[in-house]
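Notes for the structure review
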Amino acid sequence: MRIIRTWMLAGAVAAVVGCSSDSSTPTGAGDGGGNGGGGPVGAVTVGNDFFQSAHNGTRNPAQDTVAVGQTVTWTWTNTGGTSHSVEALPVASPSFTSSDILTGSGMTYTFTFTAPGTYHYQCAVHGSLMSGIVVVQ
Ligand SMILES: [Cu+2]
């Protein structure tokens, strides 16, 4: 009997997890880590001295592939008082609009890519120490 009850509980938990496919964004607080893969496409974490893809975990460069017309969101996470930015690199063709230099966890920058291409970026404060690539196709 004890075993059966345990299995039923596990099934209930699985059902709850399976239904959590709503598109509302989590609060972010206490949701750090666990991004080894499977996160949303087009989401990049801005950390202290790194960009990391929330989707596939790649870091410096964070490498994300999105469809034309899709928006990429960079979210400052656990950055404290350290400033960072998303600076498009003009050496890359094409380029995109850079963010301002932002300070504080929870800051975000979004850009919607409307043309295919390989877009390179870095942090204006930390230079090539923080880098990323968005492939739009
Ligand atoms: Cu930086």
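Let me sum up the structure you'll find in this document. Because the structure is predicted, anything quoted here is derived from the model rather than measured. (Residues numbered from 1 in each chain as written. Predicted model: local features only at pLDDT ≥ 70, side-chain atom pairs only at ≥ 80, totals over all residues. Heavy atoms only, no water.)

On to the pairing of strand β2 (residues 50–53), then. Where burial is concerned, the two faces of β2 agree: the one with F50 and Q52 and the one with F51 and S53 are both buried. Looking at chain direction, strand β1 (residues 43–47) and β2 are connected through four bridges and run antiparallel. Directly across from V44, in β2, lies its bridge partner S53. Turn length for the β1-β2 hairpin, with the two strands adjacent in sequence and antiparallel, is two residues, and the turn residue D49 shows positive phi of about 75°. (Buried < 20%, exposed > 50% of the residue type's maximum accessible area, 1.4 Å probe, protein only. Helix = DSSP H or I, 4+ residues; strand = E, 2+ residues; numbered from the N terminus. Pairing = 2+ DSSP bridges.)

For the rest of this paragraph, the subject is the coordination of the copper ion. Binding of the copper ion to the protein goes through H84 (ND1), C123 (SG), H126 (ND1) and M130 (SD), at separations of 2.0 to 2.5 Å. Metal-centred angles of 91 to 132° between the four donor atoms at the copper ion mark the site as tetrahedral. Here the donor residues of the copper ion are spaced in sequence according to H-x38-C-x2-H-x3-M. H126 sits in the partly exposed class, given a relative accessible area of 23%. (Donors = N, O, S within 2.8 Å, 3.2 Å for Na, K, Ca; no water. Tetrahedral: all angles 85-135°; square planar, octahedral: opposite > 155°, others 65-115°.)

So, about the nonpolar core. Counting residues in hydrophobic clusters, the biggest one holds 20 residues, and the most contacted among them are F51, W74, V86, F96, F113, Y121 and V134. Of all elements in the fold, only β1, β3 (62–66), β4 (71–76), β9 (117–123) and β10 (127–136) reach the threshold of two or more residues within this core. The contact partners of V134, leaving out residues within four places of it in the chain, are D64, V66, V72, W74, F113, G117, T118, Y119 and Y121. (Core = buried A, V, L, I, M, F, W, Y, C linked by side-chain atoms within 4.5 Å. Contact = heavy atoms within 4.5 Å.)

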